[in-house]
Amino acid sequence: MKSRSFFNKLLEFDDLAGLKFIPGSSWIQELHPLVKVGFLLAFASLVLISAEAARGAVLLGILLMGYISSGLGLGYWLRKLRFILFFAAFILLIQILFRQQGAPLWQFRLGPWQFGIWSEGLGQGLALAMRFLNLIGLSFLFVATTDPMKLVQGLIQAGLPYRWGFMLITALRFIPGYQDDFRQIRLAVRLKGVRYDGFSWTRLMNMLRYLLVPLLATTIHRVDTLSMSMDGRAFGLYPKRTFLTPLLFTRKDAVIALLGILVVILFLLSFYFG
């Protein structure tokens with residue numbers, strides 16, 4: 001099979017950009033979005049203050065349990081984070097090779113160069129790799145299990161001005177539109193017989209012009225249509241807005257939130273007494 005060219009690999013980014021909300025009936029999908037925002041901030045804080053690889057591994061295990069219990073599974077985690085795993089391995093390798101502190105664990109020679117693995121480099125590399133995986137994996141899980149409409153509605157009901165909420169939901173809604181527009185423009189470029197096999201700076205500039213100019217034109221047209229629709233519906237006339245179906249904070253949300261707070265407290269106590 002003939003390998004794909006540079007531009008084919010550059011433009012085939014749909015699998016990577018396909019991060020979006022996945023509807024489901026698991027407890028994470030049905031959880032109140034503000035509770036999930038609290039978990040997001042608390043978990044990210046624990047990741048940032050965890051300077052040891054062992055604690056990072058525990059947090060990664062909790063995160064993987066979240067993927068499994070949400071119905072996404074480990075396959076989704078591996079598929080979406082395959083390039084993140086590569087960068088995490090690269091971070092680990094750099095720390096192992098260039099952080100020569102602590103006790104020497106293993107030394108080897110590669111031609112005229114001699115390398116060694118030191119305890120401090122290995123520990124620091126594992127800690128940084130775990131931190132990187134936890135933060136990216138946490139954000140992916142949050143996006144995949146949180147309905148953006150419910151998230152914005154929960155923020156507005158909590159006191160966020162609805163004009164700001166509309167800006168947020170518009171940005172979230174425009175991302176799939178950009179992907180569809182890019183797909184159509186790329187298909188039109190191919191149908192016109194424009195080739196982008198091989199690599200040269202001239203060809204790269206031409207491809208950017210063929211793709212970005214139509215994409216910019218369609219974006220301006222979409223924004224113009226949206227602004228006229230907002231003017232026609234008198235958007236921003238009233239200081240507050242109501243919802244047809246208010247988002248309720250149930251007893252289940254309260255119980256899960258309390259359990260999450262308890263886990264965070266226990267984890268923080270382990271920093272002082274562990």
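Residues numbered from 1 in each chain as written. Predicted model: local features only at pLDDT ≥ 70, side-chain atom pairs only at ≥ 80, totals over all residues. Heavy atoms only, no water.

Undergrad: Is there a simple way to explain the pattern of salt bridges in this structure?
TA: Pairing between side chains becomes possible if they bear opposite charge and their charged atoms approach one another. In the structure shown here, the tally under the stated rule is three salt bridges. Put simply, Glu52 and Arg55 hold a salt bridge, and the shortest N to O gap is 3.1 Å. (Salt bridge = Lys/Arg side-chain N within 4 Å of Asp/Glu carboxyl O.)

Undergrad: Sorry, what's going on with helix α9 (residues 162-191) here?
TA: Each α-helix turn comprises 3.6 residues. Residues three or four places apart therefore point the same way. Taking 1.5 Å of rise per residue, 30 residues should cover 44 Å, and α9 covers 43 Å from first to last C-alpha, within 8% of that figure. Those residues of α9 lying buried are Tyr162, Gly165, Ile169, Thr170, Phe174, Gly177, Gln179, Asp181, Phe182, Ile185, Arg186 and Val189. Where α9 terminates, the next one or two residues include Gly193, which has phi positive at roughly 85°. (Helix = DSSP H or I, 4+ residues; strand = E, 2+ residues; numbered from the N terminus. Expected span 1.5 Å × (residues − 1). Buried < 20%, exposed > 50% of the residue type's maximum accessible area, 1.4 Å probe, protein only.)

Undergrad: What is the right way to read the packing of helix α3 (residues 33-49) against helix α8 (residues 148-157) from this model?
TA: The angle between the axes and the distance between the axes are what describe a pair of packed helices. Interhelical geometry of α3 versus α8 gives an angle of 90° and a closest axis separation of 8 Å. Between α3 and α8, the angle falls in the class roughly perpendicular. For the pair α3 and α8, the contacting residues are Pro33, Leu34 and Val37 in the first and Lys150, Leu151, Gly154 and Leu155 in the second. Residues of the contact of α3 with α8, tallied by class, amount to five nonpolar, one polar and one charged. (Axes fitted to C-alpha atoms, helices over the stretch in contact; angles between N-to-C directions. Parallel < 35°, antiparallel > 145°, perpendicular 65-115°, else oblique. Contact = heavy atoms within 4.5 Å. Nonpolar A, V, L, I, M, F, W, Y, C, P; charged D, E, K, R; others polar.)

Undergrad: When you look at the confidence of the model for the chain in this model, what are you seeing that I'm missing?
TA: Any segment with low pLDDT has predicted coordinates that should not be analysed in fine detail. On average, the chain scores 80 in pLDDT, and the residues at 70 or more come to 84%. Here residues 1-17 is modelled with pLDDT under 50, and outside its nearest four sequence neighbours on either side it reaches 33 contacts, counting other chains as well. (pLDDT = per-residue confidence, 0-100.)

Undergrad: Can you help me understand a nonpolar patch on the surface in this one?
TA: Together, Val255, Leu258, Leu259, Ile261, Leu262, Ile265, Leu266, Leu269, Tyr272 and Phe273 make up a nonpolar patch on the protein surface, roughly 1,100 Å² of accessible area in all. Among the structural elements, Val255 can be located in helix α11 (residues 251-273). (Patch = residues over 30% accessible without salt bridge, like charges linked within 9 Å, V, L, I, M, F, W, Y side chains within 5 Å. Areas by Shrake-Rupley, 256 points an atom, 1.4 Å probe, with all protein chains shown as cover.)

Undergrad: What is the right way to read the environment of Phe249 from this model?
TA: The topology assignment puts Phe249 in the loop between α10 (201-232) and α11. Along the sequence, Phe249 and Val35 sit 214 residues apart, while their C-alpha atoms lie 9.2 Å from each other. In this structure, Phe249 is in contact with His32, Val35 and Ala254, ignoring residues within four places of it in sequence.

Undergrad: Looking at this model, I keep getting lost on the side chain of Asn134. Mind explaining?
TA: With respect to the helices and strands, the residue Asn134 is situated in helix α7 (residues 119-145). Those residues in contact with Asn134 that sit more than four places away from it in its chain are Phe43, Val47, Gly56, Leu59, Leu60 and Leu63.

Undergrad: So what exactly am I meant to see when it comes to the nonpolar core here?
TA: Counting 22 residues, the largest nonpolar core has Phe43, Leu59, Leu63, Tyr67, Leu72 and Leu81 as the members making the most contacts within it. With seven residues, α7 is the single largest residue contributor to this core. Ignoring anything within four residues of it in the chain, the contact list for Leu81 reads Tyr67, Leu133, Gly137 and Phe140. Counting six residues, the second-largest nonpolar core is a separate cluster that includes Phe182, Val189, Met207 and Leu211. (Core = buried A, V, L, I, M, F, W, Y, C linked by side-chain atoms within 4.5 Å.)

Undergrad: Explanation requested: the packing of aromatic side chains in the structure shown.
TA: Here a ring pair, both rings aromatic, is described through the centre-centre distance and the interplanar angle of the planes. Evaluated as defined, the whole model comprises four aromatic pairs. With 5.7 Å between their ring centres and 65° between their planes, Phe86 and Phe87 make a pair best called edge-to-face. Taking the relative accessible area as the measure of exposure, Phe87 reaches 44% and is therefore partly exposed. Between the aromatic rings of Tyr162 and Phe235, the centroid separation amounts to 5.6 Å while the plane-to-plane angle is 80°, which identifies the pairing as edge-to-face. With Tyr162 in helix α9 and Phe235 in the loop between α10 and α11, this residue pair connects regions lying 73 residues apart in the sequence. Given the relative accessible area of 34%, Phe235 is considered partly exposed. (Phe/Tyr/Trp six-rings, centres within 6.5 Å; stacked < 30°, edge-to-face > 60°.)

Undergrad: What is the right way to read the packing of α3 against helix α4 (residues 53-69) from this model?
TA: Here α3 crosses α4 at 155°, and the two axes come no closer than 10 Å. Here α4 runs roughly antiparallel to α3, going by the angle between their axes. With respect to the hand of their crossing, α3 and α4 are arranged in left-handed fashion. Contacts from Phe43, Leu46 and Val47 in α3 reach Leu59, Ile62 and Leu63 in α4. A class-by-class count of the residues in the contact of α3 with α4 yields six nonpolar, no polar and no charged. (Left-handed = near helix turned anticlockwise from the far one by under 90°.)

Undergrad: For this particular structure, what's the right way to read α11?
TA: The end-to-end C-alpha distance of α11 is 33 Å, a good match for the 33 Å that 23 residues give at a rise of 1.5 Å each. Of all the positions in α11, only Asp253, Ile256, Ala257, Gly260 and Phe267 are classed as buried. In the core, the buried residues of α11 are packed alongside α3 and α4.

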